[in-house]
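# Architecture at a glance
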Amino acid sequence: MSDVQHDVIVIGGGPAGYAAALYGAGAGLDIGLVENRWIGGTCLNVGCIPAKELLETAHVYRTVRGAADFGINSSEPTVDWSVTMTRKQAIVDQLVGGLTGLLKGRKVTVYNGSGSLGTDHEVSVTGGASGDLSISARNVILATGSQPRTIPGFEVDGSLVVTSDEMLSIERLPSSAVVIGGGAIGCEFASMMADLGTEVTILEALPQILTGCDSDAAKVVQRSFKKRNITVRTGVMVQGHSPDRSGSSTVVTFGEGESVDVELVVVSVGRRPYSDLLDLVGTAVVVDERGFIEVDDLCRTGEAGVWAVGDLIKTPQLAHVGFAEGMLAIKDILGENPLPLDHLGTPWCIYCHPEVAFAGYTEDAAIAAGYEVVTSSHRFIGNGRAKIIGETDGIVKVVAEKLPDGTGGRILGVHMVGPWVTEQLGQGYLAVNWEATVDEVAAFIQPHPTMSELFGETILSLTGRSLHG
Ligand code: NAI
């Protein structure tokens, strides 16, 4: 028999879980939220937020170093890493505090402990400050997130070998580092460390860094990294590493007998779903061989009345996808017949320097899906505002359906690399998801001078006429 009954129990307090809790409570549901570590999950505590804070520190450093170009003279800047870490933690703590207050304000009951699901929607809460208890609900949402993957030969010790979890709290910046995996996490850490003076080598197994991005966009990032002395090696496998006697550096072996001697190894080879403590015995919830929970397009598991959302399921592992899935599950619980999410249109934002942002088909994916496409790319080097801020590396590329006269029809994909593109993607995202055509979007005025003019220019040129390009 359970001690407490709720309308909905959410297990996991990261973006997917807390979105479900806040949204559900806002709709009048009585919610219990079970979390065994920290409210805010990976995103707030050891993911998006602290990583972007460190990237912003790198941005400030770059700006101060380049200040003389603007006629602002200052002495060579130095990095006080302890101040950076304190600032990062203060931002994390404020956001976690704010979220905790929001949950309280909406009368969500938060249980501190590990939640596991048994039969009849019974959730056991154990091992935390709330003590051991059994709670139940008509509906259960599983949202226990993911953990960094590791690879054999690179056991994480927190000093020589780290994942993003430890990296975000390292005590000092290394003078040299290897980043294994050139995905979003790898490129963000590589960019941050390189800007702050670390000699960085990225070792990526696949032929391109940032797999999943349009290949033209990935090439721009790779060229920019090269200019900043980041060594990018693609198509190489790592074998292992041998620390020196003092344990202050290690030799990483890779490829055909190559090696590099570094002070830090950052393992960023993906994240695995974290369903380990959920138990699920006696339920019809299906976990696949990689640990992902199987769901339908409304995030329903095999067990009636049980949903799974966020990094625990095989959809893009992004906080904003988690938010959307948490809200989707609540709408389904409320019987509102929600539409499934269209993950092809998901906005992606990667915060390395230069930033990357995109939504919709890449050129290759559109062709593979059977579209006849026309594309246009414009470079930030020709954009007034980009020149003014002194950041001209980057492009906007639009992929559109090709009309019989060779001009662009429906906008299939928008790909951006460059300054503040994570903040500029909005109109590209809307164009793709609204299934807008080139002509429709070209009719809108872009404010001048802005970097977003480049998007307008790129769209305009797909009409067959253009202004500057
Ligand atoms: P990822 O899957 O994006 O990239 C991992 C990379 O490691 C891949 O390119 C893969 O080919 C490579 N790799 C795997 N095993 C390897 C090996 N043994 N040697 C060399 N390379 C190897 O994973 P990542 O970057 O760790 O990120 C995890 C998740 O978090 C992703 O889904 C990512 O999209 C998400 N994320 C998103 C961010 C953003 O959108 N700004 C920021 C951080 C994470």
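Residues numbered from 1 in each chain as written. Predicted model: local features only at pLDDT ≥ 70, side-chain atom pairs only at ≥ 80, totals over all residues. Heavy atoms only, no water.

### Quick notes on the packing of helix H1 (residues 15–26) against helix H4 (residues 81–105)
This is how the line gets drawn: Here, axes are lines fitted to C-alpha atoms. For helices the fit covers the stretch in contact, and angles between N-to-C directions go from 0 to 180 degrees. Elements are defined by DSSP. Helices are runs of H or I of four residues or more, strands are runs of E of two residues or more, and each kind is numbered from the N terminus. Helix crossings are classified by the rotation of the near helix relative to the far one: an anticlockwise turn of less than a right angle makes the crossing left-handed, while a clockwise turn makes it right-handed. Contacts: residue pairs with any heavy atoms within 4.5 Å of one another. Gly is put with the polar residues, along with every residue not named as nonpolar or charged; the nonpolar set is Ala, Val, Leu, Ile, Met, Phe, Trp, Tyr, Cys and Pro, and the charged set is Asp, Glu, Lys and Arg.
The N-to-C vectors of H1 and H4 enclose an angle of 35°; their axes lie 9 Å apart at closest approach. Crossing of H1 over H4 shows left-handed handedness. Where H1 approaches H4, its residues Tyr18, Ala21 and Leu22 are matched on the opposing element by Leu99, Leu102 and Leu103. In the contact of H1 with H4, the residues fall into six nonpolar, no polar and no charged.

### A closer look at the packing of helix H3 (residues 48–65) against H4
Following both chains from N to C, one finds H3 and H4 inclined at 140°, their axes separated by 9 Å at the closest point. Pair H3 / H4 crosses with right-handed handedness. In this structure, H3 uses Ile49, Pro50, Glu53, Leu54 and Thr57 to contact H4, whose residues at the interface are Trp81, Thr84, Met85, Arg87, Lys88, Ile91, Val92 and Leu95. Partitioning the contact of H3 with H4 into residue classes produces eight nonpolar, two polar and three charged.

### A look at the environment of Glu363
Where we set the bar: Pairs of N or O atoms are called polar contacts if they sit within 3.5 Å, as long as, within protein, a hydrogen donor faces a hydrogen acceptor (for residues adjacent in sequence, only side-chain-to-side-chain pairs).
Its place among the elements puts Glu363 in helix H9 (residues 363–368). Separated by 292 residues in sequence, Glu363 and Gly71 have C-alpha atoms that sit 42 Å apart. Once residues within four sequence positions are removed from consideration, Glu363 is found in contact with Asp214, Asp216, Val373, Thr375, Lys397 and Val399. Among the polar contacts made by the side chain of Glu363, one reaches the side chain of Lys397 at a distance of 2.6 Å.

### Examining H3
Counting along an α-helix, one turn takes 3.6 residues, and residues three or four places apart therefore face a common direction. As a reminder of what qualifies: Here the expected length of a helix is defined as 1.5 Å per residue gap, with one fewer gap than residues. With a 1.4 Å probe rolled over the protein chains alone, any residue whose accessible area is under 20% of its type maximum counts as buried; one over 50% counts as exposed, and the rest are partly exposed.
Between its first and last C-alpha atoms H3 spans 26 Å; for 18 residues at 1.5 Å apiece the expected length is 26 Å, and the two agree. Every buried residue of H3 is listed here: Pro50, Ala51, Glu53, Leu54, Leu55, Thr57, Ala58, His59 and Tyr61. Its buried side turned inward, H3 meets helix H2 (41–46), H4 and helix H6 (184–195).

### With respect to the pattern of salt bridges
Stated precisely, the cut-off is as follows: Should a side-chain nitrogen of Lys or Arg be within 4 Å of a carboxyl oxygen of Asp or Glu, the pair is scored as a salt bridge.
Applying the stated criterion to the full structure yields 18 salt bridges. We note a salt bridge from Arg233 to Glu258, for which the minimum N-O separation is 2.7 Å. Of the two residues, Arg233 sits in strand E11 (residues 231–234) while Glu258 sits in strand E14 (residues 258–262), which places them 25 residues apart along the sequence. Residue Arg233 is classed as partly exposed on the basis of its relative accessible area, which comes to 26%. Classification of Glu258 by relative accessible area gives partly exposed; the value is 29%.

### Concerning the pairing of strand E5 (residues 122–126)
Formally: We call two strands paired when DSSP finds no fewer than two bridges between them.
Side chains Val123 and Val125 project from E5 onto a buried face, and the interleaved Glu122, Ser124 and Thr126 project onto a face without burial. Here strand E4 (residues 114–117) pairs with E5 via four bridges, running antiparallel. Paired with Ser116 across the bridge in E5 is Ser124. Turn length for the E4-E5 hairpin, with the two strands adjacent in sequence and antiparallel, is four residues, and the turn residue Asp120 shows positive phi of about 55°. Bridge count between E5 and strand E6 (residues 133–142): four bridges; the pairing is antiparallel. Across the sheet, Ser124 pairs through a bridge with Ser134, a residue of E6.

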